[in-house]
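Observations on the model geometry
Here's the letter readout for the chains.
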Amino acid sequence: MEYVIAFVVGGLVCVVGQLLLDFCKLTPAHVMSSFVVAGAILDGFGIYDKFIDFAGAGATVPITSFGHSLLHGAMHQSEKHGLVGIGMGIFELTSAGISSAILFAFLVALIFKPKG
């Protein structure tokens, strides 16, 4: 049953994104950044952790989880190190994802001819 819940919740996140693209005439960059901010706001109010407990991978895979990870790491490290901890915490939880995105983008650019 956990797989079904994760599939449905992840699909609903995608449906919301598609509806924003179709009816609000937003660009993909606007929708993506809105989802990151929404994940950060939900984490700030303590809602996103409950959402992850309910939906599992349906909540950790979409881009909203990136906003959650950014704010969650920053808040955790700011308690330990103060203002400097905010900068440290942002990259603590997200560094693997950021690094792999840069690496794979570089490798794909080497293999295929980029446009522009």
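Residues numbered from 1 in each chain as written. Predicted model: local features only at pLDDT ≥ 70, side-chain atom pairs only at ≥ 80, totals over all residues. Heavy atoms only, no water.

1. Regarding the overall build of the protein
Here is the rule: Helix and strand assignments follow DSSP, with helices taken as H or I runs no shorter than four residues and strands as E runs no shorter than two, numbered in order from the N terminus. Working rule for contacts: check all heavy atoms of both residues, and any pair within 4.5 Å makes them a contact. Each accessible area is a Shrake-Rupley result for a 1.4 Å probe, and residues are judged covered by the shown protein chains and nothing else. Note on charges: Lys and Arg go in the positive column, Asp and Glu in the negative column, and His and the chain ends are not counted at all. A single reference atom marks each charge: NZ on Lys, CZ on Arg, CG on Asp, CD on Glu.
When helices and strands are counted, the protein shows six helices and zero strands. Its helices and strands in sequence order give the protein the pattern α-α-α-α-α-α, from N to C terminus. Referenced to the eigenvectors of the C-alpha coordinate spread, the extents of the protein come out at roughly 45 × 35 × 30 Å. Taking as baseline every contact in the protein between residues at least 6 positions apart, the subset at least 24 positions apart corresponds to 45%. On the protein, roughly 8,200 Å² of surface is accessible, and the fraction owed to carbon and sulfur atoms is 75%. Across the protein, the centroid of the 5 positively charged side chains sits 18 Å from that of the 7 negatively charged ones.

2. Focus on unusual backbone geometry
For K25, which is not glycine, the phi dihedral falls at a positive 55°. Mapping K25 onto the fold places it in the loop between helix 1 (2-23) and helix 2 (28-44).

3. Section: the environment of F51
Short version of the rule: Think of it in three bands: with a 1.4 Å probe and only protein chains considered, a residue is buried below 20% of the maximum accessible area for its type, exposed above 50%, and partly exposed in between.
Its place among the elements puts F51 in helix 3 (residues 48-55). Taking relative accessible area as the criterion, F51 reaches 26% and is therefore assigned partly exposed. C-alpha of F51 to C-alpha of G10: the two residues are 41 residues apart in sequence and 11 Å apart in space. Not counting chain neighbours up to four residues away, the residues in contact with F51 comprise V9, G56 and A59.

4. Let's talk about the state of the cysteines
We count it as follows: A pair of cysteine sulfur atoms is labelled a disulfide when the two atoms are within 2.5 Å.
Within the structure shown, the criterion is met by zero disulfides. C14 carries a free sulfur, and the closest cysteine sulfur to it, the one in C24, is 17 Å from it. Accessibility expressed as a relative area gives 55% for C14, which makes it exposed.

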